[in-house]
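One letter stands for each residue in the lines below.
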Amino acid sequence: MSNAFDTLKPGLKVEGTPFSPTRETIRDFCEASLDYNPLHWDDEYMKGNFGRTNFGGIIMHGMNNFGVITKMLTDWLYPLGGVQRRLETRWKIPVKPGDTITPTATVSAVQATKKSRWATLEVQVANQRGEIVAAGEAMVEFPEGLGAA
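The rules behind these values
- Residues numbered from 1 in each chain as written.
- Predicted model: local features only at pLDDT ≥ 70, side-chain atom pairs only at ≥ 80, totals over all residues.
- Heavy atoms only, no water.
- Core = buried A, V, L, I, M, F, W, Y, C linked by side-chain atoms within 4.5 Å.
- Buried < 20%, exposed > 50% of the residue type's maximum accessible area, 1.4 Å probe, protein only.
- Helix = DSSP H or I, 4+ residues; strand = E, 2+ residues; numbered from the N terminus.
- Contact = heavy atoms within 4.5 Å.
- Pairing = 2+ DSSP bridges.
- Axes fitted to C-alpha atoms, helices over the stretch in contact; angles between N-to-C directions.

1. Digging into the nonpolar core
Okay, so step 1: If you look at the biggest cluster of nonpolar residues, it comprises 32 residues, and the most contacted ones within it are Leu73, Trp76, Leu121, Val123 and Phe142.
Okay, so step 2: Those elements that provide at least two residues to this core are α2 (63-77), β3 (102-112), β4 (117-126) and β5 (132-141).
Okay, so step 3: Ranked by residue count, the leading element in this core is α2, at six residues.
Okay, so step 4: Not counting residues up to four positions away in its chain, the partners in contact with Val123 are Ile69, Met72, Leu87, Thr89, Thr104, Ala105, Ala134, Ala135, Gly136, Glu137 and Ala138.

Written out as structure tokens, the structure reads:
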């Protein structure tokens, strides 16, 4: 039986579950996070301009991108005995109710150290038009003795 870490190679792709935010899920996140910024719930406020930017309506919390990425990583890692250790992303464009976003990741590096085994992944979230709404990097660990492929 081989170890899951030994099967990782740069270029390996991971695809997550699509997510379609609604006004209700955005409002639920306001309540869960205690973030009641009017960007996320006030239609009247969002009719205005923000400098040169007009979003044209409420937008999803950027932290929801973290959630869809983390779900993807956890769904992939947990059965293999791996754990997510770091996630850094930048938000590129807003996500609105009615969009469908899908996270993906690509293994960019693998490394075994004296203490553990690590993989670095380039992560991104794209909308239904193929536009990148968030992009960044994750680091995951495969502790010795856990998981089998």
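2. Describing the sheet that holds β5
Okay, so step 1: Across the sheet, which stays open at both edges, the five strands sit in the order β1-β3-β4-β5-β2 with antiparallel pairing between neighbours. Taken across any chain shown, the strands that pair with only one partner, and hence form the sheet edges, are β1 (13-15) and β2 (83-91). Strand-to-strand, the axes of this sheet are offset by a mean angle of 20 degrees, without reference to chain direction.
Okay, so step 2: Both β2 and β5 contribute to a ladder of eight bridges, which runs antiparallel. For Trp91, the partnering residue across the bridge sits in β5 and is Ala134.

3. Here's the deal with the environment of Met60
Okay, so step 1: Inspection of the secondary structure assignment puts Met60 in the loop between α1 (23-33) and α2.
Okay, so step 2: Met60 sits in the buried class, given a relative accessible area of 5%.
Okay, so step 3: Along the sequence, Met60 and Asp99 sit 39 residues apart, while their C-alpha atoms lie 9.8 Å from each other.

Just distances and angles here, no functional claims.
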